[in-house]
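Single-letter residue listing:
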Amino acid sequence: MKPLKVGILTAIAMVFAFVVTLFFQAPRSMAAQAQTPRSGGELVFAVGGTPPSFDGHRETTFAMLHPVAPHYSTLLRFDLLNYPKIVGDVAENWSASKDGLTYTFKVRRGIQFHDGSMLTSKDVKATYEKIIFPPKGVASSRQAYYGMVGKIDTPDIYTVVFHLKRPSASFLANLASPWNFIYKSDILEKDPRWYEKNIMGTGPFVFVEHVPGSHWVGKKNPNYFVKGRPYLDGYRAIFIRDTAPRVAAIRSGQALIEFRGFNPAARDDLVKALGNKIVVQESSWICNLTVAINNEKKPFNDPRVRRALTLAIDRWEGSKALSRISLMKYVGGLFRPGSEFATPEAELTKLAGFGKNIETSRKEARRLLNEAGVPEGFSFTLKNRNIKEPYEVTGVFLIDQWRQVGLNVSHVQQEEGAYFNDFRQGNYDVGIDFNCDFMDEPDYQLLKFLSSDKSPLNYGRYKDPVLDDLYEKQGHAANLKERLKVLRQFEKRALDEQAYQFHVLWWQRIVPYWARVQGFGKTPSHYFMHLGDIWLAE
Amino acid sequence: MRQYVLNRLLLMIPTLLGVAVLVFLMLRVAPGDIVEMKYAGTGAFAPKEMLDLERAQLGLDKPLWHQFLSWMWGIVRLDFGNSMWTGRPVTYEIAIRLELSLQLALMATIVAILLSIPLGILAAVKQDTWIDYFVRVFSIAGLAVPSFWLGIIIILGFLIFFKWLPPLTFTSFMVDPKANLMQLIWPALAVGYRYSAVAARMTRSTVLEVLREDYIRTARAKGLWEQAVLIRHALKNALLPIITVIGLEFAFLVGGLVVTEQVFNLNGIGKLFVEAISQRDYIMVQSLVLLTSFVFIFVNFITDLVNAWLDPRIRYQ
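It should be emphasised that the depicted structure is a prediction, and the values quoted were computed from it without experimental measurement.

1. Digging into the overall build of chain B
- Broken down by element type, chain B carries 14 helices and zero strands.
- For chain B, the N- to C-terminal ordering of α and β elements is α-α-α-α-α-α-α-α-α-α-α-α-α-α.
- The dimensions of chain B, computed from C-alpha atoms along their principal axes, are 85 × 60 × 35 Å.
- Intrachain contacts of chain B at a sequence separation of at least 6 include 73% that bridge at least 24 residues.

So this is what it looks like as structure tokens:
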């Protein structure tokens, strides 16, 4: 080729490259401009359920948290832009004694309830006493997580002191729970159940309206204690129980976000329809599906059979296939992959069912079944919820995996009432159970594996004092290194040696939302959303 | 006639009582309870003591006969109880949804009447012509296509071609008629089409039957104007079964639009019904069953009165 031609072609290529660069730079610079928060606007978001009562201390569903939490503050909270960093909410600062038994919190001054009264340490104390030592006739869903607390003191109106009975690795994180709304002590004194039907908080938004089954409206709190926040003038939560209308609501722009998230198919639909108007946030999720095994039933009372069941599952290949069509994605042990407690892959692959050579694992599974006297073609049922995503998909996957080691499994999908009833009564062979937590914390993630008389979450019907003891040990560990050591022992016993029950895969959290929504943060939990930090770009 | 009305009204009481007993027992036979659903359903760590406390607060720890009698005693005092899920009075929860459901049922009925009666008569009068074939295809298609599917098609059409969706929250007609109609007209069309298919087929066959009667031949022989024969003699007599069908369908629509309400995200009685059943909200389900039964019985009663008014033979019996 002649030098002139080469020169011309080079020039054309450079011009082309310049144009392409400009093309891609433009949206980026627009995005950079959009990073300056602006005030105003109403955020409309969809909620895939309806709140039962309005009491955060009592309820356990995100459908209560999403519309109601913006009216409240908590003592501490997770920094959603830097999860799992903990920051103060009504607490200005805090300190812990050297022995880890006393935590002192200084409450910010000048925080007002929406009725204009001032928040003091008395309100924090009354709130936590309701959660930890609920009065007779008051339900507290998270009482069990605060067993370490002995008493709460308020030396002055801006100081709260928690006295612990024993050191606890999870105590501080528990105070950042999004459920622990700070209530007004005067109201609690008169009627501890007042908050089930009423709202009175110190959060960034004031209550405006709730139409049951339809929507919830809040407006900006002009006296919010964080200067310059909230950015939004208000918010409107629309209750849309079914996935298809929720996707349609986002697609039409009638809702800008759904904080829980969608499956891959919905994400693809929205991206295809809305292009660059929509952004997608993807992360792992502190949720998983677990294979629950009835340890009282033969032959599942034999650890060899349970090990065979987990060995037969090709999680690594399953992850690739299932993540395309469902929420199931991450291979992990007892802790969310990516969390500080997660087992490193090199160690994980040594546990039964997590190895990468599936042929070897299945050969071992067949050997174990044979040794335990389980014949080829042995039949049992897999009980599952009648929910397509991700339950049904996972059920079909598991049946296929077990078929490959000569087991014949029938899929029984049940309506939730019957499903939970059968699990509670032990009327099942093997089933698909689930777990979702608001934070990465072994105290939470291990609860399902404690002896069934200690944990109502354990449907496996087994008792193991060794696991119970390890659970206590990890909770009191002096530092992370020591804690991780105990956690690995727990994991080895629960998943490998005994294989009482085991996770299939951890979920992926996919949140497609309109690009106008800014300041949302990124967390592996759908229980977090701090509307005070969210703003709408023009 | 007065005795007939009184008898029918009195008959409602044992019918509703029977329904109450049946629904109460059937709900208790179904496995699981609301407390289990509420806590286990969300994966919450709920110790037995807490579940027991919740059950006691809801009165589920009492014997069945006690639960039934206290519910019945409440009804006698017009206190239908509180929703076990939200704790609010069921009358409040139902009232919020009833306006939407009644309006939707009414709009769908109007759509159905406007479509079915003219089309049915036309098909009968023009029997075996292309008009008749068209009406028959139209109505068979209406029967074959579920209204929720038609609803999905309507929504997809709006989303794909107009990037628009009917409003997701309900606004009362008295507050903003435009917003109200923008939301409800589409489900009313989807439901009204299926409903009209049933009524159009009924209209066609009954008009055809009546047109073969001797008195029609006599009327024509007297030289009456054909439209007078059709409207005054044929239609009036053909209306009886049509009114019955329309009445029954209307009663069904008040609580039976479960899937259509889900597709359009309508906060109606049907959606409340499904949620209450899946949550095992006994008091809510019992109240809703009583309400829909009452609507059925009442609409039937009104239909019978209209039939009696239209047909002297019924009155004289």
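2. Here's the deal with the overall build of chain A
- In terms of regular secondary structure, chain A is built from 16 helices and 19 strands.
- Its C-alpha atoms give chain A a radius of gyration of 26 Å, within 12% of the compact-globule value 24 Å for 538 residues.
- Overall, chain A is about 90 × 70 × 45 Å in size when its C-alpha atoms are taken along their principal axes.
- For chain A, buried positions account for 50% of its 538 residues.
- Here the contacts in chain A between residues at least 6 apart in sequence split such that 69% fall between residues at least 24 apart.

3. Things to note about the sheet that holds strand 5 (residues 102–107) of chain A
Residue and element names in this part refer to chain A.
- As summarised here, the arrangement of the four strands in space is 4-5-7-6, forming an open sheet in which the pairing is antiparallel. Strands with a single pairing partner mark the edges of an open sheet, and in this sheet they are strand 4 (91–96) and strand 6 (149–156). The sheet shows a mean angle of 20 degrees between the axes of neighbouring strands, taken without regard to direction.
- As paired strands, strand 5 and strand 7 (residues 159–164) are joined by five bridges and run antiparallel to one another. When the sheet's bridge partners are listed, phenylalanine 105 is paired in strand 7 with valine 160.
- Strands strand 5, strand 6 and strand 7 of the sheet are contacted by helix 3 (residues 121–132), whose axis makes an angle of about 170 degrees with strand 6.

4. Structural notes on unusual backbone geometry
- The peptide bond linking arginine 229 of chain A to proline 230 of chain A adopts the cis configuration, its omega dihedral lying at -5 degrees.
- Residue position: proline 230 of chain A is located in the loop between strand 9 (215–220) and strand 10 (234–239).
- The omega angle of the peptide bond from lysine 298 of chain A to proline 299 of chain A is 0 degrees, so this bond is cis rather than trans.
- By secondary structure assignment, the location of proline 299 of chain A is in the loop between strand 12 (278–293) and helix 8 (303–311).
- Here the phi dihedral of lysine 163 of chain B falls at roughly 50 degrees; this positive angle occurs in a residue that is not glycine.
- One non-glycine residue, asparagine 265 of chain B, lies in positive phi territory at about 50 degrees.

5. Details of the confidence of the model for chain A
All names here are of chain A.
- When the pLDDT values of chain A are averaged, the result is 92; 94% of them are 70 or greater.
- Of all secondary-structure elements in chain A, the lowest mean pLDDT belongs to helix 1 (residues 3–33), at 48, while strand 9 reaches the highest, 98.
- In this model residues 17–33 is a low-confidence stretch, pLDDT under 50, and it forms one contact with partners more than four residues away in sequence or in other chains.

6. With respect to the interface of chain A and chain B
- Listed as interface residues are 35 residues of chain A and, on the opposing side, 42 residues of chain B.
- Grouping the constituent residues of the side of chain A that touches chain B by class yields 17 nonpolar, 12 polar and six charged.

7. Regarding the environment of serine 70 of chain B
- By the element assignment, serine 70 of chain B lies in helix 4 (residues 64–76).
- Serine 70 of chain B sits in the partly exposed class, given 13 other C-beta atoms within 10 Å.

8. Examining the sheet that holds strand 11 (residues 257–258) of chain A
Residues and elements named next belong to chain A.
- The sheet built from five strands is open, its strands ordered 8-9-10-1-11 with mixed pairing. The open sheet has two free edges, formed respectively by strand 8 (205–211) and strand 11, since each of these has just one partner strand.
- Bridge count for strand 1 (residues 42–47) against strand 10 is six bridges, and the pairing is parallel. What sits directly across from glutamate 42, in strand 10, is glycine 234.

9. Some points on helix 8 of chain A
- Within helix 8 of chain A, seven of the nine residues are buried, which leaves the element mostly enclosed by the surrounding structure.
- In this structure, the buried side of helix 8 of chain A is in contact with strand 12, helix 11 (358–371), helix 12 (388–403) and strand 17 (502–514) of chain A.

10. Some details on the pairing of strand 10 of chain A
Residue and element names in this part refer to chain A.
- Counting buried positions along strand 10 gives five out of six residues, so the element sits mostly inside the fold.
- Bridge count for strand 9 against strand 10 is five bridges, and the pairing is antiparallel. The partner of histidine 215 across the bridge, within strand 10, is isoleucine 238.

11. A word on the packing of helix 10 (residues 226–256) of chain B against helix 13 (residues 282–310) of chain B
All names here are of chain B.
- Taken N-terminus to C-terminus, the directions of helix 10 and helix 13 make an angle of 170 degrees; their axes are 9 Å apart at the nearest point. Comparing the axis directions of helix 10 and helix 13 gives the class roughly antiparallel. Contact with helix 10, carried on its side by Lys236, Leu239, Leu240, Ile243, Thr244, Gly247, Phe250, Ala251, Val254 and Gly255, involves Leu288, Thr292, Val295, Phe296, Val299, Asn300, Ile302, Thr303, Val306, Asn307 and Leu310 of helix 13 and no other residues of that element.

12. Digging into the environment of tyrosine 146 of chain A
Residue and element names in this part refer to chain A.
- Residue position: tyrosine 146 is located in the loop between helix 3 and strand 6.
- In this structure tyrosine 146 comes out as buried when scored by C-beta crowding, with 21 C-beta atoms within 10 Å.
- Through-space distance from the C-alpha of tyrosine 146 to that of isoleucine 132 is 6.1 Å; in sequence the pair is 14 residues apart.
- Setting aside residues no more than four positions away along its own chain, tyrosine 146 makes contact with Ile131, Ile132 and Asn174.

13. A few points about the nonpolar core
- One finds Leu43, Phe45, Ile238, Ala249, Ala255, Val291 and Ala308 of chain A to be the most contacted residues of the largest nonpolar core, which totals 221 residues.
- In contact with alanine 308 of chain A, other than residues within four places in its own chain, are Ala365, Leu368, Leu369 and Val405 of chain A.

14. What to know about the packing of helix 5 (residues 90–125) of chain B against helix 10 of chain B
All names here are of chain B.
- One way to put it is that helix 5 packs onto helix 10 with a least axis distance of 10 Å and a crossing angle of 150 degrees. Remark: the crossing between helix 5 and helix 10 carries right-handed chirality. Within the contact between the two elements, helix 5 uses Ser101, Leu102, Ala105, Ala108, Thr109, Ile113, Ile121 and Val125 and helix 10 uses Leu230, Leu235, Ile246, Phe250, Leu253 and Val254.
- Residues of the contact of helix 5 with helix 10, tallied by class, amount to 12 nonpolar, two polar and no charged.

15. Observations regarding helix 13 of chain B
Residues and elements named next belong to chain B.
- Its 29 residues give helix 13 an end-to-end C-alpha distance of 42 Å, which sits within 8% of 42 Å, the value for a rise of 1.5 Å per residue.
- Listing the buried residues of helix 13 in full gives Tyr282, Ile283, Met284, Val285, Gln286, Ser287, Leu288, Val289, Thr292, Ser293 and Val295.
- Of the surrounding secondary structure, the elements contacted by the buried residues of helix 13 are helix 1 (2–29), helix 2 (34–40), helix 4, helix 5, helix 10 and helix 12 (269–278).

Calculation criteria
- Residues numbered from 1 in each chain as written.
- Chains lettered and ligands numbered in written order.
- Predicted model: local features only at pLDDT ≥ 70, side-chain atom pairs only at ≥ 80, totals over all residues.
- Helix = DSSP H or I, 4+ residues; strand = E, 2+ residues; numbered from the N terminus.
- Contact = placed C-beta atoms within 7 Å.
- Rg over C-alpha atoms; globule rule 2.2 N^0.38 Å.
- Buried ≥ 20, exposed ≤ 12 C-beta atoms within 10 Å, placed from the backbone.
- Pairing = 2+ DSSP bridges.
- Axes fitted to C-alpha atoms, helices over the stretch in contact; angles between N-to-C directions.
- pLDDT = per-residue confidence, 0-100.
- Nonpolar A, V, L, I, M, F, W, Y, C, P; charged D, E, K, R; others polar.
- Parallel < 35°, antiparallel > 145°, perpendicular 65-115°, else oblique.
- Core = buried A, V, L, I, M, F, W, Y, C linked by C-beta atoms within 7 Å.
- Left-handed = near helix turned anticlockwise from the far one by under 90°.
- Expected span 1.5 Å × (residues − 1).

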